[in-house]
Amino acid sequence: MWILATLIAAAAQTGRNAAQRRLTAELGTMGATAVRFLFGLPFAVLFLAALSLTGAVPLPGTASLGWTALGATSQIAATALMLMTMESRGFGVTTALIKTEPVTLAIIGAILLAEPLGPARMAAIAIATLGVLLMSGTDWRRGNWRAAALGIAAGALFGLSAIGFRGAILALPHGGEAIRAATILTLSLILQSAIMLVWLSLLDRPALTGIARHWRGSLGAGFLGALASLFWFLGFALTAAANVRTLALIEIPMAQLVSGRVFREGASPRHLAGMCLIVLGVAALVAISAR
């Protein structure tokens with residue numbers, strides 16, 4: 001079941017990212033960021049309403065609310081950085097950069113928490129880092145490093161949001177995996193929608209008009225976003241996070257397929273080699289960490 005949940009989540013997330021990428025040109029980065037939350041909320045409410053027929057909805061306490069706030073704000077920042085990266089590095093390349101999140105978290109843990117890396121982890125990190133270098137190009141003076149840094153930062157923030165959402169799910173007082181996931185999904189989207197509405201109302205009102213004008217495309221992105229989040233949460237509830245994160249690397253070839261077929265973005269042999277190294281390095285790092 002966790003394998004099926006992860007594959008559905010990866011496919012839905014690839015579709016949502018593609019929909020948001022298309023909307024960026026019309027709505028701007030923050031407008032396209034808001035779409036996944038504003039239009040995802042109605043679907044999350046429907047998911048929760050349907051699941052409430054099978055059992056009582058758990059009421060979140062202070063701890064669950066705190067974890068949700070961490071996940072929600074981190075996800076907003078991560079989404080904005082991801083869309084900024086896609087504008088210059090392409091869809092497939094950006095997806096691969098984001099998947100370096102386990103590498104980033106391992107390095108942060110070593111620096112801030114003095115967690116030992118060891119030879120095996122160091123080798124996995126080196127492989128993934130080489131992949132990033134290959135995908136980012138060699139002429140760093142032209143700013144290629146900036147796009148790579150944004151993508152990697154987005155991945156780290158997505159990782160932090162996953163920690164927040166998992167903490168929120170575990171802090172709920174009762175309920176099965178599905179209704180816990182739907183409860184936190186709905187709660188997070190309420191918070192994220194409120195934040196984005198305030199932001200756009202104060203700083204980018206034209207984006208609100210644009211969102212209303214492009215409601216059909218926005219509705220699709222919102223549905224896919226809510227669907228992806230629900231199944232990511234289910235996957236984390238059904239098995240160890242390491243298993244989900246490893247299988248989630250399937251999103252890289254999915255994104256490359258969409259990049260070529262939908263956006264007509266070619267991938268050079270250097271980019272493809274970089275993607276392979278990132279998949280290899282991240283998969284090895286997650287496997288080592290799960291021991």
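If you're wondering where the values come from, they're calculated on a predicted model, not measured in any experiment.

Parameters at a glance
For every chain, the first residue of the written sequence is number 1, and numbering continues from 1 along that sequence. Only residues with pLDDT of 70 or above have their local features reported here, since the model is predicted, and side-chain atom pairs are shown and tallied only from 80 upward, although totals for entire chains, interfaces and linings are computed over all residues. Note that the side-chain values use all heavy atoms of the structure and ignore hydrogens as well as water. Note on conventions: DSSP H or I runs of at least 4 residues are helices, E runs of at least 2 residues are strands, and numbering of each starts at the N terminus. Only heavy atoms matter for contacts: two residues are in contact if any of them lie within 4.5 Å across the pair. Residue-level accessible areas treat just the shown protein chains as cover; the underlying method is Shrake-Rupley with a 1.4 Å probe. Side-chain rings of Phe, Tyr and Trp (the six-membered ring for Trp) are treated as a pair once their centres are within 6.5 Å; stacked means planes under 30 degrees apart, edge-to-face means over 60, and tilted covers the remaining angles. Think of it in three bands: with a 1.4 Å probe and only protein chains considered, a residue is buried below 20% of the maximum accessible area for its type, exposed above 50%, and partly exposed in between. UniProt positions are given in the numbering used here, feature names are shortened, and annotations may be inferred rather than shown by experiment. Note on geometry: axes are C-alpha line fits, over the in-contact stretch for helices, and angles between N-to-C directions span 0 to 180 degrees. Comment on the angle field: the value is read as roughly parallel under 35 degrees, roughly antiparallel over 145, roughly perpendicular from 65 to 115, and oblique elsewhere. By convention the crossing between two helices is left-handed if the near helix lies anticlockwise of the far one by an angle smaller than a right angle, and right-handed if it lies clockwise. Only Asp, Glu, Lys and Arg are considered charged, only Ala, Val, Leu, Ile, Met, Phe, Trp, Tyr, Cys and Pro nonpolar, and every remaining residue, Gly among them, polar. Surface patches are drawn from residues lacking salt bridges whose relative accessible area is over 30%; two like charges belong together within 9 Å, two nonpolar side chains (Val, Leu, Ile, Met, Phe, Trp, Tyr) within 5 Å. One speaks of a salt bridge when a side-chain nitrogen belonging to Lys or Arg is within 4 Å of a carboxyl oxygen belonging to Asp or Glu. For this analysis, a nonpolar core means a set of buried residues of the types Ala, Val, Leu, Ile, Met, Phe, Trp, Tyr and Cys, connected via side-chain atoms within 4.5 Å. For the purposes of these results, a polar contact is taken to be a pair of N or O atoms within 3.5 Å, where, inside protein, one atom must be able to donate a hydrogen and its partner to accept one; residues adjacent in sequence count only when each atom of the pair is a side-chain atom.

J.: How should I be thinking about the overall build of the protein chain in this particular structure?
T.: Within the protein chain, the secondary structure is distributed over 13 helices and zero strands. Oriented by its inertia axes, the alpha-carbon framework of the protein chain measures out at about 50 × 45 × 35 Å. For the protein chain, the share of sequence-separated contacts (at least 6 apart) that also reach a separation of at least 24 residues comes to 86%. On the protein chain, roughly 13,000 Å² of surface is accessible, and the fraction owed to carbon and sulfur atoms is 70%.

J.: Looking at this model, I keep getting lost on the packing of aromatic side chains. Mind explaining?
T.: Aromatic rings in a pair are described by how distant their centres are and how their planes are angled relative to each other. A complete count under the given rule lists two aromatic pairs for this structure. Ring geometry for Phe43 and Phe223: centres 5.1 Å apart, planes at 70°, overall edge-to-face. Within this pair, whereas Phe43 is found in helix α2 (residues 41–51), its partner Phe223 is found in helix α10 (residues 215–238), the two being separated by 180 residues in sequence. When its relative accessible area of 19% is taken as the criterion, Phe43 is described as buried.

J.: What am I meant to see in the UniProt feature "transmembrane region" (unreviewed entry) in the protein chain here?
T.: The feature "transmembrane region" (unreviewed entry), as annotated in UniProt, sits at residues 34–53, 65–85, 105–135, 147–172, 178–200, 221–244 and 272–290 in this numbering. As annotated, residues 34–53 comprises 80% helix and 0% strand, and the C-alpha atoms at either end are separated by 30 Å. Helix and strand shares over residues 65–85 are 100% and 0% respectively, and the end C-alpha atoms of the span are 30 Å apart.

J.: Would you explain the packing of helix α4 (residues 91–98) against helix α13 (residues 269–289) in this entry?
T.: Any two packed helices are characterised by the angle at which their axes cross and by the distance between the axes. Close contact between α4 and α13 brings their axes to 10 Å; oriented N to C, the two are set at 25°. As far as their axial angle goes, α13 and α4 are roughly parallel. Regarding α4 and α13, the two cross each other, and that crossing is left-handed. In this structure, α4 contributes Gly92, Val93 and Ala96 to the contact, and α13 contributes His271, Met275 and Ile278. Residues of the contact of α4 with α13, tallied by class, amount to four nonpolar, two polar and no charged.

J.: Looking at this structure, how should I read a nonpolar patch on the surface?
T.: A cluster of nonpolar residues, Val198, Trp199, Leu202 and Leu203, forms a patch on the protein surface that exposes about 460 Å² of accessible area. Mapped onto the fold, Trp199 is located in helix α8 (residues 177–203). According to the relative accessible area criterion, Trp199 is partly exposed, its value standing at 40%.

J.: Explain the pattern of salt bridges here, please?
T.: Scanning all chains against the criterion turns up one salt bridge. The salt bridge involving Lys99 is made with Glu251; its shortest N-O contact spans 2.9 Å. Of this pair, Lys99 sits in the loop between α4 and α5 (101–112) while Glu251 sits in helix α12 (residues 251–261); the two residues are 152 residues apart in sequence, bridging distant segments of the chain. With respect to class, Lys99 is no different from Glu251; both count as buried.

J.: Which parts of the structure should I look at to understand α4?
T.: Each turn of an α-helix holds 3.6 residues, which means side chains three or four residues apart point in the same direction. Of all the eight residues making up α4, eight are buried; the element is thus mostly covered by neighbouring parts of the structure. Listed as buried for α4 are Phe91, Gly92, Val93, Thr94, Thr95, Ala96, Leu97 and Ile98.

J.: Please explain the nonpolar core as it appears in this structure.
T.: Nonpolar side chains in soluble globular proteins tend to end up buried together. One finds Ile211, Trp232 and Phe233 to be the most contacted residues of the largest nonpolar core, which totals 57 residues. Top contributing element to this core by residue count: helix α1 (residues 2–38), with 13 residues. Counting residues in each nonpolar core, the second largest holds 17 residues, with Leu97, Ala128, Ile278 and Val282 among its members.

J.: What am I meant to see in the environment of Leu48 here?
T.: Relative to the helices and strands, Leu48 is located in helix α2. Along the primary structure Leu48 and Ala181 are separated by 133 residues, whereas in three dimensions their C-alpha atoms are 8.9 Å apart.

J.: Would you explain the environment of Leu208 in this entry?
T.: Position of Leu208 among the secondary structure elements: in helix α9 (residues 205–213). With 73 residues separating them along the chain, Leu208 and Gly281 place their C-alpha atoms 41 Å apart. Look past the residues within four positions of Leu208 in its chain and what remains in contact with it is Leu197, Leu200 and Ser201.

J.: Explain the side chain of Thr33 here, please?
T.: Relative to the elements of secondary structure, Thr33 occurs in helix α1. Residue Thr33 is classed as buried on the basis of its relative accessible area, which comes to 0%. At 2.7 Å, the side chain of Thr33 and the backbone oxygen of Thr29 are in polar contact. Each residue touching Thr33, except ones within four places of it in the same chain, is listed here: Gln20, Ile76, Thr79, Ala80, Leu83 and Met196.

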